[in-house]
Amino acid sequence: MKLLITGGAGFIGSNFIRYILNKYSDYWIINFDIVSYCANFENLKDIEKNPRYKFIKGDICDEKLVNKIFQKEKPDFVVNFAAESHVDRSILEPKKFTRTNILGTHTLLETARKYGVKKFEHISTDEVYGTIKKEEFKETDVLLPNSPYAVSKAGADLLARAYYKTFGLPVLITRSSNNFGPYQFPEKLISLFITNLLENKKVPLYGKGLNIRDWIYVLDNCSGIDTVLHKGEIGEIYNIGGGNEFTNLEIAKFILKELSKDESFIEYIKDRPGHDFRYALDTRKIKKLGWKPEHKFGEAIRKTAKWYKENASWWEKIKSGEYLKYYKKQYKNL
Ligand code: DAU
């Protein structure tokens, strides 16, 4: 089986590639990634030389290149992780998100329709639903995204669904909650807070820190994506949530405790504009396929903090900007 993974040099994509190569000895992977600021060749250093792995650098909006890849590689499955993913950046540069997330996904869907694939799994997010005070979002709920990022993901998600409804493309969609774990770019809440504290810096908490997220360890999301890819019903949408709802202040306190720091390391700062209050997912549908999260939150946070401690050279390079110079050089050599 040949899988085309887009955005496989990023956080969730790289974890998924490693997961698939370890689990299926007869699967071949093509990682198609532009290697933008948050992707990193070092995320996949251990599998770079695996004969079942191939890397192609490029943009999912580049129609010519995307066509060439489908024509030459003839992938059986496509899993689309490629996306601009950070809400705060979407507030600064919204158009970039529309381009990559909507136009890029559209280019992939159109090409997959032209050449034919057995399955096209689109990785979406719980942010497409918007915010919810009580209860949990179901897959059938209305989409009311609030940030430019969430809108761009909702657009891509709906386009993927339309390609199933209109053209019969075998599409599957997953909407997951907030991921954390190894190789997460240090701009998201957990990765930023751990690395700041390891540098003895304060952690910036938006507003009063009372917004709520549901956290999932990245490998549980990988197994969920794998479950949907192999057991999901074509044309269906599946929520993937960890069932670990916490306020950001609670998360900050967990991490402070884990790294033996006190609350004086918290710096309360101006709130994010349009900040969604709470995300929560009803995961009964994917659980019917036999999936459940395997990692307990406390242990997973501990494991994640340990990974960042032991892999300081990975994130220090990113935070100091050294890596940005390094990968520009790598581009030229590709
Ligand atoms: O829900 C899934 C989504 O989770 C993904 O689709 C997005 O790609 C991903 O970025 C994430 O979005 P969030 O905005 O929820 O994640 P982030 O880590 O940026 O923020 C989590 C919460 O922590 C949010 O309420 C804002 C707050 N926060 C975040 C940062 C970076 C802070 O208080 N301080 C910070 O410095």
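Let us look at the structure shown here.

Reading guide: rules and limits
- Residues numbered from 1 in each chain as written.
- Predicted model: local features only at pLDDT ≥ 70, side-chain atom pairs only at ≥ 80, totals over all residues.
- Heavy atoms only, no water.
- Pairing = 2+ DSSP bridges.
- Helix = DSSP H or I, 4+ residues; strand = E, 2+ residues; numbered from the N terminus.
- Axes fitted to C-alpha atoms, helices over the stretch in contact; angles between N-to-C directions.
- Contact = heavy atoms within 4.5 Å.
- Phe/Tyr/Trp six-rings, centres within 6.5 Å; stacked < 30°, edge-to-face > 60°.
- Buried < 20%, exposed > 50% of the residue type's maximum accessible area, 1.4 Å probe, protein only.
- Salt bridge = Lys/Arg side-chain N within 4 Å of Asp/Glu carboxyl O.
- Near = heavy atom within 4 Å.
- Polar contact = N/O pair within 3.5 Å; in protein donor to acceptor, adjacent residues only side chain to side chain.
- Areas by Shrake-Rupley, 256 points an atom, 1.4 Å probe, with all protein chains shown as cover.
- Nonpolar A, V, L, I, M, F, W, Y, C, P; charged D, E, K, R; others polar.

1. A closer look at the sheet that holds strand β9 (residues 212-217)
So, step 1. With mixed pairing, three strands are arranged side by side in an open sheet as β7-β9-β11. Pairing within the sheet leaves two strands with one partner each, and these edge strands are β7 (178-180) and β11 (245-247). Ignoring strand direction, the axes of neighbouring strands in this sheet form an average angle of 50 degrees.
So, step 2. Here β9 runs beside β11; their pairing, made up of three bridges, is antiparallel. Along β11, the bridge assignment pairs I212 with T247.

2. A closer look at the sheet that holds strand β4 (residues 77-80)
So, step 1. Ordered by their spatial adjacency, seven strands build an open sheet running β3-β2-β1-β4-β5-β6-β10, and the pairing between neighbours is parallel. Each edge of the sheet is formed by a strand with only one pairing partner; in this case those strands are β3 (53-57) and β10 (237-240). Pairwise comparison of adjacent strand axes, ignoring direction, gives a mean angle of 20 degrees for this sheet.
So, step 2. Each of β1 (2-6), β4, β5 (119-125), β6 (171-176) and β10 touches helix α7 (residues 218-231); the most contacted strand, β5, lies at about 145 degrees to it.

3. Observations concerning the packing of aromatic side chains
So, step 1. Under the counting rule described, the total for this entry stands at 20 aromatic pairs.
So, step 2. Between F97 and Y149, the ring centres sit 6.3 Å apart and the planes meet at 85 degrees, which makes this aromatic pair edge-to-face. Here the residue F97 occupies a position in helix α4 (residues 94-115), and Y149 occupies one in helix α5 (residues 148-167), the gap between them amounting to 52 residues.
So, step 3. Looking at F97, the relative accessible area reads 1%, which means it is buried.
So, step 4. On the accessibility criterion, Y149 (8% relative accessible area) is buried.

4. Structural notes on unusual backbone geometry
So, step 1. In this model, K74 sits at a positive phi of 45 degrees, which is unusual for a non-glycine residue.
So, step 2. Within the secondary structure, K74 sits in the loop between α2 (63-73) and β4.
So, step 3. If you check the backbone angles, N200 has positive phi at about 65 degrees while not being a glycine.

5. A closer look at the environment of N15
So, step 1. Summarising the element assignment, N15 is placed in helix α1 (residues 11-23).
So, step 2. Separated by 92 residues in the primary sequence, N15 and T107 have C-alpha atoms spaced 24 Å apart.
So, step 3. Residue contacts for N15: discarding those within four places in its chain leaves P182, Y183, V218, L219 and C222.

6. Brief notes about the pattern of salt bridges
So, step 1. Across all of its chains, the model carries 22 salt bridges by this definition.
So, step 2. One salt bridge in this structure joins D226 and K23, with 2.7 Å as the shortest N-O distance. Taken as a pair, D226 in helix α7 and K23 in helix α1 lie far apart in primary sequence, 203 residues in all.
So, step 3. The buried category is assigned to D226, whose relative accessible area is 2%.
So, step 4. For K23, a relative accessible area of 46% gives the class partly exposed.
So, step 5. Taking the shortest distance from any N to any O, the salt bridge between E187 and K188 comes out at 3.3 Å. For the pair shown, E187 and K188 are each scored as buried.
So, step 6. Taken together, the salt bridges that share partners define one network made up of K2, K54 and E73.

7. Remarks on the site of the ligand
So, step 1. With respect to spatial proximity, 24 residues lie near the ligand, and among them D126, E127, Y149, R272 and H275 are the closest.
So, step 2. R213 places a side-chain nitrogen or oxygen 2.7 Å from an oxygen atom of the ligand.
So, step 3. Residue H275 places a side-chain N or O atom 2.6 Å away from an oxygen atom belonging to the ligand.
So, step 4. If the ligand stood free it would expose 690 Å²; the protein chains cover 94% of that surface.
So, step 5. By residue class, the composition of the shell around the ligand is nine nonpolar, nine polar and six charged.

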